[in-house]
Amino acid sequence: MGAYLVRRFGLMLLTLFGISVIIFTLLRIVPGNIVDILFDSAGMVDPAEKQRIARELGLDLSLPQQYVAWISGILRGDLGYSYVSEKPALEEIAPRIPITAKLAVLALVFSVLIGVPLGVISAVRQNTLTDYALRVLSLSGLSLPSFWLGLLVLMAFVSWFDTLPIYSDRITGFWAQLALFSVPAAAVGFRSSALVMRLTRSSMLEVLRQDYIRTARAKGATRQSVNYRHALRNALLPVVTVIGIEAAFLIGGLIVTETVFNIPGVARFLVEAIRARDYPIVQNLVMLIAVVVVVVNFVVDMLYAVLDPRIKYGG
Amino acid sequence: MAGGTYQAELNRAGASATGAWSQAWFLVRQYPLGAIGALIMAVFVLAAIFADAITTQSPLATNPRVSLAGPGATYIMGADFMGRDVYARIVYGARISLAVGIGSTFLGCLFGVAIGLASGYLGGWFDLIVQRLMDIMQALPLLVLALVFSAAMGPSLQNTIIAIAIPLVPSVARVIRSNTLALRELAFVEAAQATGMSEWRLAIRHILPNTIAPLIVLATAQLGSTILTEASLSFLGLGVPEPHPSWGRMLSESAAEYMRRAPWLVIFPGLAISLAVFGTNLLGDALRDLLDPRQRG
């Protein structure tokens, strides 16, 4: 276990290093010189001025030097400056993180609360009308784009209450915020719940085919007891890994949903920064997303090893 | 392997169907949901091919006099703010959605198969490096990777296809690699090696055809997600640019603004995206059950 943990941790660092190189390179092959773009939009004409800007942004350095400057900056907590607001990138990004985090946690809770019970019901009643209906429901859940679902929810609000659930940072207090976030979180979580349901169903079916379930039935255990005391407890193990898969899945949904609901979180900020060619923000945000996804998956793997003692990891 | 599994499936069900039509009918009865999915996809493909014949208005012509006109005789799904026919835009939009969906799935599978086959067959340090690279690409959400690639390459139809294809490569490469690893151990590969067949020919002629079944399953499953990714990219303004009518962009440009006055601007494009993705998902599930029985739930 110890050796596995070290190896897994090393792989995680390697992955993050690889992502940082890819993102850094991608943003440097973008057509159009960043200095030119900033220079022209600022309405300056003096070439000396242009050189000063390049030096200020560190763009006169060679690419490897720029890369080292970026990474060592991250390690010191210095993320550079936003091209748009000219404020430190950290100051721009940090206040938006809690907003997205709340939305993500709420969406995750929503998807598990809906997805797990429906997945169990679907598996226990395999090949009945209920099972078919639930499977079609989950497939249609996966087929609805979350931004469309968001727009439909907004439209429903407009026609029923004649108002929009508008985000405001003046709303404080646990319950008020919960109410504020629950609508967009439900829009993101609905899609994820379909994913959770499908995975719970197949995991549950897998367990129900095992020998010990037959043994439990043979010794006369009730249907309820077999399904919930014997099967579900073991079927829930693989569902833990779903949270790892969901981390990446949710972020895609958050990007469009924050845009639809006008929520000033990090996910929407990424799109804004890409549109504005605000590259210091883009590269740091993509790194942040990568760190979240990679760390969540690492934690889930470790959790899985702890929860399932059958799993032995060789070094 | 594909044909074998299919025939086994027919035999298992005790079907005596031999003609093409009776076999098709057997499949429809066996997989009703898959048949519905195939039907939905057929409707979209036909609409894309015969777009000129089934629309009366141009998808691009603007007409200020019918701005935000409701659904009626001429504009059966209404008109947008610029007075463009929503129905025509959705029908022509099917071309864009399918072009991007099929194009990027094909491109992603092509590179994924080449990398997976080489990685699984050659093994060694090549395999190790490629696998780490695939890990790295899979650590980022599909939409984020597509967003960054599309921003790096600039907006155009081709670049959107490439930006969506790249994130697909790792998942295809993974499946093909694990299949290749399993196939390499089988006796027929050893037999082919014993005949003195070149490694290259062996990989292409004997290993590759045996990975077709999982590839078809994977490609169908990915088709829905590429259509959805295109819609999301275009919705965010970083996908297919004007003047191409894109379902995703139809939802962003005016839908939110006019949702109170013109709900048809929100309803119809979203319905088109959802139906197309739903169709591929139904078809994909049925194909998985048919061709890859190990994964059957």
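This structure is a prediction, so every number in the text was calculated from the model and none was measured. (Residues numbered from 1 in each chain as written. Chains lettered and ligands numbered in written order. Predicted model: local features only at pLDDT ≥ 70, side-chain atom pairs only at ≥ 80, totals over all residues. Heavy atoms only, no water.)

K.L.:
When you look at the packing of helix α3 (residues 32-49) of chain B against helix α14 (residues 264-291) of chain B in this model, what are you seeing that I'm missing?
P.N.:
How two helices sit against one another is set out by the angle between their axes and by the gap between those axes. Residues and elements named next belong to chain B. At a minimum axis distance of 7 Å, the contact between α3 and α14 shows a crossing angle of 135°. Classified by the interaxial angle, the pair formed by α3 and α14 is oblique. The two elements α3 and α14 cross, and the hand of that crossing is left-handed. The residues of α14 that touch α3, namely those facing L33, G34, I36, G37, A38, I40, M41 and F44, are A272, L275, A276, F278, G279, T280, L282, L283 and A286. Of the residues belonging to the contact of α3 with α14, the class tally is 13 nonpolar, 4 polar and no charged. (Axes fitted to C-alpha atoms, helices over the stretch in contact; angles between N-to-C directions. Helix = DSSP H or I, 4+ residues; strand = E, 2+ residues; numbered from the N terminus. Parallel < 35°, antiparallel > 145°, perpendicular 65-115°, else oblique. Left-handed = near helix turned anticlockwise from the far one by under 90°. Contact = heavy atoms within 4.5 Å. Nonpolar A, V, L, I, M, F, W, Y, C, P; charged D, E, K, R; others polar.)

K.L.:
Could you clarify how one ought to interpret the confidence of the model for chain A in this entry?
P.N.:
Low pLDDT marks regions whose predicted coordinates should not be analysed in detail. Averaged over all residues, the pLDDT of chain A equals 82, while 92% of them reach at least 70. Here helix α2 (residues 34-41) of chain A stands out as the least confident element of chain A, with mean pLDDT 64; helix α12 (residues 266-275) of chain A is the most confident, with 90. (pLDDT = per-residue confidence, 0-100.)

K.L.:
So what exactly am I meant to see when it comes to the interface of chain B and chain A here?
P.N.:
It is common to give the size of an interface as the accessible area lost on bringing the parts into contact. Contact residues are listed per partner, giving 41 residues for chain B and 50 residues for chain A. Together, the buried faces of chain B and chain A total about 3,800 Å²; carbon and sulfur atoms form 80% of this surface. When the buried area of chain B at its contact with chain A is split by residue, I136(B), L236(B) and M259(B) rank highest and sum to 14% of it. Linking chain B with chain A are 1 salt bridge. The partner of R198(A) in a salt bridge is D285(B), and the shortest N-O contact between them spans 3.0 Å. Where chain B meets chain A, there are 5 residue pairs in polar contact (both at pLDDT 80 or more). Those elements that place two or more of their residues in the side of chain B that touches chain A are α6 (124-138), α7 (142-153), α12 (212-235) and α14 of chain B. With 13 residues, the single largest contributor to the side of chain B that touches chain A is α14(B). (Buried area = accessible area lost by both parts, 1.4 Å probe. Salt bridge = Lys/Arg side-chain N within 4 Å of Asp/Glu carboxyl O. Polar contact = N/O pair within 3.5 Å; in protein donor to acceptor, adjacent residues only side chain to side chain.)

K.L.:
Honestly, the confidence of the model for chain B in this entry has me stumped. Any pointers?
P.N.:
Taken residue by residue, chain B gives an average pLDDT of 83. The fraction at 70 or more is 91%. In the model output, the complex is listed with pTM 0.85 alongside ipTM 0.84.

K.L.:
Would you mind showing me how to read the pattern of salt bridges here?
P.N.:
Charged atoms that come close allow side chains of opposite charge to pair. Going through the model one piece at a time under the given rule, you end up with 16 salt bridges over all chains. We note a salt bridge from D52(B) to R95(B), for which the minimum N-O separation is 3.6 Å. Taken together, the residues D52(B) in helix α4 (residues 51-54) and R95(B) in helix α5 (residues 86-122) connect sequence positions 43 residues apart. Its relative accessible area of 54% is what places D52(B) among the exposed residues. By relative accessible area, R95(B) is classed as partly exposed at 32%. Through salt bridges with shared partners, a single network forms among R198(A), D285(B), R288(B) and D289(B). (Buried < 20%, exposed > 50% of the residue type's maximum accessible area, 1.4 Å probe, protein only.)

K.L.:
Explanation requested: the side chain of S192(A) in the structure shown.
P.N.:
Residue and element names in this part refer to chain A. Among the structural elements, S192 can be located in helix α9 (residues 174-208). For S192, a relative accessible area of 2% puts it in the buried group. Every residue in contact with S192, bar those within four places of it in the chain, is listed here: S111, E246, F249 and L250.

K.L.:
Any chance you could explain the environment of S104(B) here in plain terms?
P.N.:
Residue and element names in this part refer to chain B. Relative to the assigned elements, S104 resides in helix α5. Sequence spacing of S104 and T226 is 122 residues, and the spatial spacing of their C-alpha atoms is 7.1 Å. Each residue touching S104, except ones within four places of it in the same chain, is listed here: A99, I161, I164, A165, L168 and T226. One polar contact links the side chain of S104 to the main-chain carbonyl oxygen of G101, over a distance of 3.5 Å.

K.L.:
How should the packing of aromatic side chains be read in this particular structure?
P.N.:
The description of an aromatic ring pair rests on the distance of the ring centres and on the angle between the ring planes. Residues and elements named next belong to chain A. For the structure shown, the criterion picks out 9 aromatic pairs over all chains. Consider the rings of F9 and F298, whose centres lie 5.8 Å apart with planes at 65°: the pair is edge-to-face. With F9 in helix α1 (residues 2-28) and F298 in helix α13 (residues 279-307), this residue pair connects regions lying 289 residues apart in the sequence. With relative accessibility at 38%, the residue F9 sits in the partly exposed group. Overall, F298 belongs to the buried group, its relative accessible area being 12%. Measuring from centroid to centroid gives 6.2 Å for F24 and W70, while their planes differ by 15°, and the two rings are stacked. You can see F24 sitting in helix α1 and its partner W70 sitting in helix α4 (residues 63-76), a full 46 residues away along the chain. The residues F24 and W70 share a single accessibility class, namely buried. Taken together, F17, F24, Y67 and W70 form an aromatic cluster joined through their ring pairs. (Phe/Tyr/Trp six-rings, centres within 6.5 Å; stacked < 30°, edge-to-face > 60°.)

K.L.:
How do you make sense of unusual backbone geometry when you look at a structure like this?
P.N.:
Both trends apply: most residues other than glycine have a negative phi, and most peptide bonds are in trans. Residue P243(B) is bonded to the preceding E242(B) through a cis peptide linkage, with omega at 5°. Relative to the helices and strands, P243(B) is located in the loop between α12 and α13 (247-255). Residue N262(A) is not a glycine yet carries a positive backbone phi of 55°. Taking relative accessible area as the criterion, N262(A) reaches 52% and is therefore assigned exposed. With a phi angle near 55°, R277(A) is a residue other than glycine that sits in the positive phi range. Tracing the backbone through its elements, the reader meets R277(A) in the loop between α12 and α13. The exposure class assigned to R277(A) is partly exposed, which follows from its relative accessible area of 31%.

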